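# Results of the structural survey
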Amino acid sequence: MKKQSRRTFIKSAGASLLLPLTASLSAKTTTAGLNTFVVPPLNIGVRDGNKVSYKLSINSSKTEFFKGVNTPTLGLNQSYLGPVLRAKRGDIVNIKVENHINEITTVHWHGMTLPAKMDGGPHQSINPNQSWTSEFKIRQEAATLWYHSHAMHKTGPQVYHGLAGMFIIDDEGSDKLGLPDEYGIDDIPCTIQDRRFNQDGTFSYMTAMPDRMMGMMGSIIMVNGVVTPTLVAKSTLMRLRLHNGSNARTYNLTFNDGRPFHIIAGDCGFLHKPFKTKQIRLAAAERIEILVDVSDRKELILKSIPSSDGGGMGMMRMMSNNEELTIMKIDARQAKQSTRKIPTILRNSNFKLDQKAVNQTRKFSLQMGMGGGMGMMRGMMGRMANGGNDTNNENTMFRINGKSMDINRIDFQVKANSTEIWEITNDSPMAHPFHVHNVQFRVLDINGKRPHPSESGLKDVVLVPGHHARVRIIMRFPEYSDAKIPYMYHCHILEHEDQGMMGQFTVV
Ligand SMILES: [Cu+2]
């Protein structure tokens, strides 16, 4: 792959359409000069006491991911992706979002507890040339959250083209832990995404039959919008905020030299104590924060290795997680000695969710296809033959409890300030990352077993493995109520969500 010309590269990218999940391109030559790690701009807003105002402007633009190739993209305040927003617990944030693209969009605050009308889901759509302002109090713990488009039937393509960014919350506890906390120096946001490109440099989206079934996956890995970047480590103890911003792919992250690292936080905040491991699974929309000791000052590679779990079986697994992928390189040769230490305790272990306090238990079945198997394949083929992205006509392929998402149907009501257990069964062959808006939940068990230590903290997404796996989560709904405007629960494989694996509940 050395000295590959741009033309050859584009050609092989095109060829990869035929075998979209097996093509492996060397990004090294084609991104020469473009693979320096980019720290997203930090946007701390304009502060007046505890009131903080932000502006996000959604634009269409072009981004040079490969030398001399301009890819049409969407971005917030920049050409691709958006700034890292940052606020403190107790702040009242006011975010004005302007839509300067030619289609309806939204911005959803993923992982945030907030009133339904501020959530940025499909009910808060922003028309072209209009703006929407979301204001809410940050009342949850320090965490690495994110934001992204949640437009009805358009979430997948809009996020794929760039409508996403990170949202960091700090609190007094997080400030006192002595963790690496210099933004962009030893505290590094990393939004990981996989992409596929057409011959002309445009993103390839929903062009192959499996895209619809498995969700959009590609073999080109980008971190913060840079193809397989190299991060020059400035400190011997690095804190990486790893965010799976991919539409569908689950990663199994590990370092090439097998070095251990410490997981300190999950989706919605710190774990009770750091968990030392050499490998971690990160499903779509999940976040973890890790501490990596690079005091040996080596060059290392963060990669994703083939999965032995979570990806279903047979063809489903083959098509999803069978690739070894380079995520990013870390060059620690010039790293300065860090004065930071890995804490022994990160937060108190009481997550204040008591099973005895449960007011309601609900059951959810995640379903794909017409009875699965060949029925599902036939359905897919038929839809591919019909072409296009139109998912409105036959909303029966992806369902929860037998129903595809209908924006005019509220599936159930939840009582404010109540505690519920949701039992999610996966009646399909592949794993689905299940997400609930407005709450932070705890995973009680997965197939009757306690969750992995990395999933022991507060979360907003949980991967439900394929083939009748059962996951139970427990959560307390906050006092926000709105009889009319619902919150969403859905699969976070965005193509599944767009095709109907989503439902709505109100809190009353
Ligand atoms: Cu799904």
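Residues numbered from 1 in each chain as written. Predicted model: local features only at pLDDT ≥ 70, side-chain atom pairs only at ≥ 80, totals over all residues. Heavy atoms only, no water.

Time to look at the sheet that holds strand S19 (residues 279–282). Strand order in the open sheet formed by five strands is S14-S22-S21-S16-S19, and the pairing between neighbours is mixed. Looking at the sheet topology across the chains shown, the edges are occupied by strand S14 (230–232) and S19. Averaged over all pairs of adjacent strands, the angle between their axes in this sheet comes to 20°, without regard to strand direction. Here strand S16 (residues 251–255) pairs with S19 via four bridges, running antiparallel. When the bridges of S19 are listed, Asn 252 appears paired with Arg 281. (Pairing = 2+ DSSP bridges. Helix = DSSP H or I, 4+ residues; strand = E, 2+ residues; numbered from the N terminus. Axes fitted to C-alpha atoms, helices over the stretch in contact; angles between N-to-C directions.)

A few words now on the sheet that holds strand S25 (residues 412–414). The strands making up a sheet associate through backbone hydrogen bonding, with each pair oriented either parallel or antiparallel. Pairing is mixed in the open sheet, where five strands are placed in the order S25-S32-S31-S27-S29. The sheet is open, and its two edges are formed by S25 and strand S29 (461–464), each paired on a single side. For this sheet, the mean inter-axis angle between neighbouring strands, taken without regard to orientation, is 30°. As paired strands, S25 and strand S32 (residues 502–507) are joined by three bridges and run parallel to one another. Within S32, the position partnered with Phe 412 by the bridge is Phe 505.

Formed by 36 residues in total, the largest nonpolar core has its most connected members in Trp 422, Phe 434, Ile 473 and Phe 505. Contacts of Phe 505, omitting those with residues within four sequence positions, involve Ile 410, Phe 412, Val 414, Trp 422, Val 436, His 437, Phe 477, Pro 486, Tyr 487, Met 488 and Tyr 489. Formed by 31 residues, the second largest nonpolar core is a distinct cluster that contains Phe 261, Ile 263, Ile 288 and Val 292. (Core = buried A, V, L, I, M, F, W, Y, C linked by side-chain atoms within 4.5 Å. Buried < 20%, exposed > 50% of the residue type's maximum accessible area, 1.4 Å probe, protein only. Contact = heavy atoms within 4.5 Å.)

Where a metal carries four tetrahedral donors, each ideal angle is 109.5 degrees; where it carries six octahedral donors, the ideal angles are 90 or 180 degrees. On the protein side, the copper ion has His 432 (ND1), Cys 491 (SG) and His 496 (ND1) as donor atoms, found 2.0 to 2.1 Å from it. Counting residues between consecutive donors of the copper ion along the chain gives the motif H-x58-C-x4-H. Remark: His 496 occurs in helix H8 (residues 494–498) and His 432 occurs in strand S27 (residues 432–436); sequence separation between them is 64 residues. Look at His 496 and you get buried, because its relative accessible area is 0%. (Donors = N, O, S within 2.8 Å, 3.2 Å for Na, K, Ca; no water.)

In this section: the confidence of the model for the protein chain. Model confidence for the protein chain is summarised by a mean pLDDT of 89, while 85% of its residues fall at 70 or above. Overall, residues 1–29 carries pLDDT values under 50, and its contacts beyond four positions in sequence, including any with other chains, amount to 49 contacts. Counting interchain partners and residues more than four positions distant, the pLDDT-below-50 stretch residues 382–394 has 19 contacts. (pLDDT = per-residue confidence, 0-100.)

In this section: the side chain of Ser 174. Tracing the backbone through its elements, the reader meets Ser 174 in helix H4 (residues 172–175). Among the residues examined, Ser 174 registers a relative accessible area of 13% and is labelled buried. Not counting residues within four places of it along the chain, the set of residues in contact with Ser 174 comprises Ala 142 and Phe 270.

Let us now look at the packing of aromatic side chains. The full count for this structure, using the stated rule, is 28 aromatic pairs. On the basis of an interplanar angle of 55° and a centroid distance of 6.5 Å, the ring pair of Tyr 54 and Phe 167 is categorised as tilted. Note that Tyr 54 is positioned in strand S3 (residues 51–66) and Phe 167 in strand S10 (residues 164–170), a separation of 113 residues in sequence. Neither residue differs from the other here; Tyr 54 and Phe 167 are each classed as buried. With centroids separated by 5.7 Å and ring planes inclined at 80°, the aromatic side chains of Phe 255 and Phe 261 adopt a geometry described as edge-to-face. (Phe/Tyr/Trp six-rings, centres within 6.5 Å; stacked < 30°, edge-to-face > 60°.)

The subject of this paragraph is the pairing of strand S23 (residues 358–368). Direction of pairing for S23 relative to strand S26 (residues 419–427): parallel, over a ladder of nine bridges. Within S26, the residue paired with Gln 367 across the bridge is Asp 427. Pairing geometry for S23 and strand S24 (residues 398–400), over three bridges, is antiparallel. Of the residues in S24, the one forming a bridge with Leu 366 is Ile 400.

For the rest of this paragraph, the subject is the pattern of salt bridges. Following the criterion strictly, the structure yields 29 salt bridges and no others. Residue Lys 96 is joined to Glu 98 by a salt bridge in which the shortest nitrogen-to-oxygen separation is 3.8 Å. Given the relative accessible area of 27%, Lys 96 is considered partly exposed. (Salt bridge = Lys/Arg side-chain N within 4 Å of Asp/Glu carboxyl O.)

With that settled, consider unusual backbone geometry. In this model, Thr 228 sits at a positive phi of 35°, which is unusual for a non-glycine residue. With respect to the helices and strands, Thr 228 occurs in the loop between strand S13 (226–227) and S14. On the basis of relative accessible area, Thr 228 is assigned to the buried category, the value being 16%. Residues other than glycine seldom take positive phi values, yet Asn 417 does so here, at roughly 65°. Along the chain, Asn 417 turns up in the loop between S25 and S26.

Another point: the side chain of His 108. Residue position: His 108 is located in strand S7 (residues 108–110). Residue class for His 108 comes out buried when judged on its relative accessible area of 1%. Engagement of the side chain of His 108 in a polar contact is seen with the side chain of His 437, the distance being 3.4 Å. Setting aside residues no more than four positions away along its own chain, His 108 makes contact with Asp 119, Gly 120, Gly 121, Trp 146, Tyr 147, His 148, His 150, His 435 and His 437. (Polar contact = N/O pair within 3.5 Å; in protein donor to acceptor, adjacent residues only side chain to side chain.)

This part is about the environment of Pro 229. Tracing the sequence through the fold places Pro 229 in the loop between S13 and S14. With 101 residues separating them in the primary sequence, Pro 229 and Ile 330 have C-alpha atoms 8.5 Å apart. Excluding residues that lie within four positions of it along the chain, Pro 229 makes contacts with Asn 35, Thr 36, Phe 37, Val 223, Ile 327, Met 328 and Lys 329.

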